[in-house]
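The chain contents come next:
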Amino acid sequence: MEFKENDLPIELHHEDSVRLGAGETIRFEANGEAKDVFIGDAFTPTIQLFPDTDYTFNSGDKQYQVRAHFEDKLSVKRL
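Residues numbered from 1 in each chain as written. Predicted model: local features only at pLDDT ≥ 70, side-chain atom pairs only at ≥ 80, totals over all residues. Heavy atoms only, no water.

S.K.: Teacher, can you tell me more about the overall build of the chain here?
M.R.: When helices and strands are counted, the chain shows 0 helices and 9 strands. Sequence-ordered secondary structure for the chain, helices as α and strands as β, is β-β-β-β-β-β-β-β-β. Its C-alpha radius of gyration of 11 Å places the chain within 12% of the 12 Å reference for a compact globule of 79 residues. Seen along its three principal axes, the alpha-carbon backbone of the chain occupies a region of about 30 × 25 × 25 Å. Buried positions account for 41% of the 79 residues belonging to the chain. The contacts in the chain between residues at least 6 apart in sequence include a share of 28% that link residues at least 24 apart. For the chain, the computed accessible surface area is about 4,700 Å², with 46% contributed by carbon and sulfur atoms. (Helix = DSSP H or I, 4+ residues; strand = E, 2+ residues; numbered from the N terminus. Rg over C-alpha atoms; globule rule 2.2 N^0.38 Å. Buried < 20%, exposed > 50% of the residue type's maximum accessible area, 1.4 Å probe, protein only. Contact = heavy atoms within 4.5 Å. Areas by Shrake-Rupley, 256 points an atom, 1.4 Å probe, with all protein chains shown as cover.)

Laid out in structure tokens, this is it:
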């Protein structure tokens, strides 16, 4: 399922994605307990997060945070 920035904050599950206002897409793939997080259209992960860790990044003039969970989900919110 594809979500939009208006849906934030959101918890993505495997095969879900969210498109930010600046056009970037966030999605993840599970790699054991770690989550390979893809920001934009890259074929390689932007970062690998382990459960209960987060990553903050800018897109356009806004700041976002993604956080990995033990379950097969990734939280995305705008700061």
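The rest of the description comes next.
S.K.: How should I be thinking about the environment of D41 in this particular structure?
M.R.: Inspection of the secondary structure assignment puts D41 in the loop between β5 (34–39) and β6 (47–49). Residue class for D41 comes out exposed when judged on its relative accessible area of 70%.

S.K.: Would you mind showing me how to read the sheet that holds strand β7 (residues 54–59) here?
M.R.: Note on sheets: strands pair through backbone hydrogen bonds, and any given pair is parallel or antiparallel. One open sheet accounts for 4 strands, arranged β2-β9-β8-β7; its pairing is antiparallel. Taken across any chain shown, the strands that pair with only one partner, and hence form the sheet edges, are β2 (10–13) and β7. Pairs of neighbouring strands in the sheet enclose a mean axial angle of 25 degrees, with direction left out of account. Judged from the 4 bridges that link them, β2 and strand β9 (residues 73–78) form a sheet pairing that is antiparallel. Residue pairing for β9: L12 is matched across the bridge by L74. (Pairing = 2+ DSSP bridges. Axes fitted to C-alpha atoms, helices over the stretch in contact; angles between N-to-C directions.)

S.K.: Help me understand the environment of E15 in this model?
M.R.: Here E15 shows up in the loop between β2 and β3 (17–19). Since its relative accessible area comes to 66%, E15 is described here as exposed. As a C-alpha pair, E15 and G40 span 25 residues in sequence and 15 Å in three-dimensional space.

S.K.: Just checking my understanding: could you explain the nonpolar core for this structure?
M.R.: Soluble globular proteins tend to pack their nonpolar side chains together in the buried interior. L12, I26, V66, L74 and V76 are the most contacted members of the largest nonpolar core, which has 17 residues in total. Elements supplying a minimum of two residues to this core: β2, β4 (25–31), β5, β8 (62–68) and β9. Dropping the residues within four chain positions of it, I26 is found in contact with L12, D16, S17, V18, L20, V37, F38, I39, F57, V66, L74 and V76. (Core = buried A, V, L, I, M, F, W, Y, C linked by side-chain atoms within 4.5 Å.)

S.K.: Quick question: what am I supposed to make of the side chain of K73 here?
M.R.: In this structure, K73 sits in strand β9. The exposure class assigned to K73 is buried, which follows from its relative accessible area of 19%. Residues within four places of K73 in sequence aside, it is in contact with E11, L12, H13, F28, K35, R67 and A68.

Don't take any of this as a statement about function, it's just geometry.
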